[in-house]
Structures are given as structure tokens and as C-alpha cells.
Amino acid sequence: MIVYDKLWDVLKRKGISQNKLYKQYGISRAQIYRLKHNQVVYTSTLDMMCEILECSDISDIATYIPNDRQVSDS
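Residues numbered from 1 in each chain as written. Predicted model: local features only at pLDDT ≥ 70, side-chain atom pairs only at ≥ 80, totals over all residues. Heavy atoms only, no water.

Colleague: Please clarify how the side chain of threonine 45 should be interpreted in this entry.
Modeller: By secondary structure assignment, the location of threonine 45 is in helix H4 (residues 43–53). By relative accessible area, which is 6% here, threonine 45 ends up buried. Excluding residues that lie within four positions of it along the chain, threonine 45 makes contacts with Ile27, Gln31 and Leu35. (Helix = DSSP H or I, 4+ residues; strand = E, 2+ residues; numbered from the N terminus. Buried < 20%, exposed > 50% of the residue type's maximum accessible area, 1.4 Å probe, protein only. Contact = heavy atoms within 4.5 Å.)

Pasting the structure below:
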């Protein structure tokens, strides 16, 4: 599973709200919802997020958690 917990920290640090992502940068509300709920998102959305936030790597905004860790952590 890919989780986007880091994304919200970076957005907060850079002073970019979800509303600003929608209005100024054209990220759809549906994609923001999907990011917020760790659901499937378009790679183009991730690319745009990295560009907006000037990421050095996708790991600046996302973390991969193997499925076996998800089950054992529950």
C-alpha cells in the first residue's frame, strides 16, 4: 500500500492548502480525496504534486508499506 502521510506535512510546511491545490494548481477534488484516503491516484497527479512541492524524490510525499506489514500491524 502507498500512503501519503508525508504529503500533508509537506503541504503544511509550504503553506499550501487543499483548496489552493484545487483552485490554483488544478488538482481535482477527487484526486485530493483519493490522496487523503490513500487510494489509487493518477501518476500525473503525483508528478504535479512533486513539481508543485519541488520534491527531490517521490518519497518526499509517499511511503510504500508492504501488504504483509499491513496485516501484521492490524
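Colleague: Honestly, the environment of asparagine 19 in this entry has me stumped. Any pointers?
Modeller: By secondary structure assignment, the location of asparagine 19 is in helix H2 (residues 18–23). For the pair formed by asparagine 19 and methionine 49, sequence separation is 30 residues and the distance between their alpha carbons is 14 Å.

Colleague: Looking at this structure, how should I read the side chain of asparagine 38?
Modeller: Note that asparagine 38 resides in the loop between helix H3 (29–36) and H4. Looking at asparagine 38, its side chain comes within polar contact range of the main-chain nitrogen of tyrosine 4, at 2.8 Å. Those residues in contact with asparagine 38, other than ones at most four positions away along the chain, are Met1, Ile2, Val3, Tyr4 and Asp5. (Polar contact = N/O pair within 3.5 Å; in protein donor to acceptor, adjacent residues only side chain to side chain.)

Colleague: I'm lost on unusual backbone geometry in this one. Help?
Modeller: Most peptide bonds adopt trans geometry, and most residues besides glycine take a negative phi value. Positive phi, close to 55 degrees, is recorded for asparagine 38, a residue that is not glycine. Look at glutamate 54: it is not a glycine, yet its phi comes out positive at around 55 degrees. Relative to the helices and strands, glutamate 54 resides in the loop between H4 and strand S2 (63–64).

Colleague: Would you take a moment to explain the environment of valine 3 for this structure?
Modeller: With respect to the helices, strands and loops of the structure, valine 3 is situated in strand S1 (residues 2–3). On a C-alpha basis, the gap between valine 3 and histidine 37 in space is 8.3 Å, while along the polypeptide they are 34 residues apart. With residues near it in sequence (within four places) discarded, valine 3 still touches Asn38, Ile61, Ala62, Thr63 and Ile65.

Colleague: Even after reading the chapter, I still don't get the packing of aromatic side chains, so can you show me in this structure?
Modeller: When we look at a pair of aromatic rings, we describe it by the centre distance and by the angle of the planes. Under the counting rule described, the total for this entry stands at zero aromatic pairs. Taking NZ or CZ as reference, arginine 29 lies 3.8 Å from the ring centre of tyrosine 22, over its face. Over the aromatic face of tryptophan 8 sits the side chain of lysine 36, whose NZ or CZ is 5.0 Å from the ring centroid. (Phe/Tyr/Trp six-rings, centres within 6.5 Å; stacked < 30°, edge-to-face > 60°. Lys NZ or Arg CZ within 6 Å of the ring centre and 35° of its normal.)

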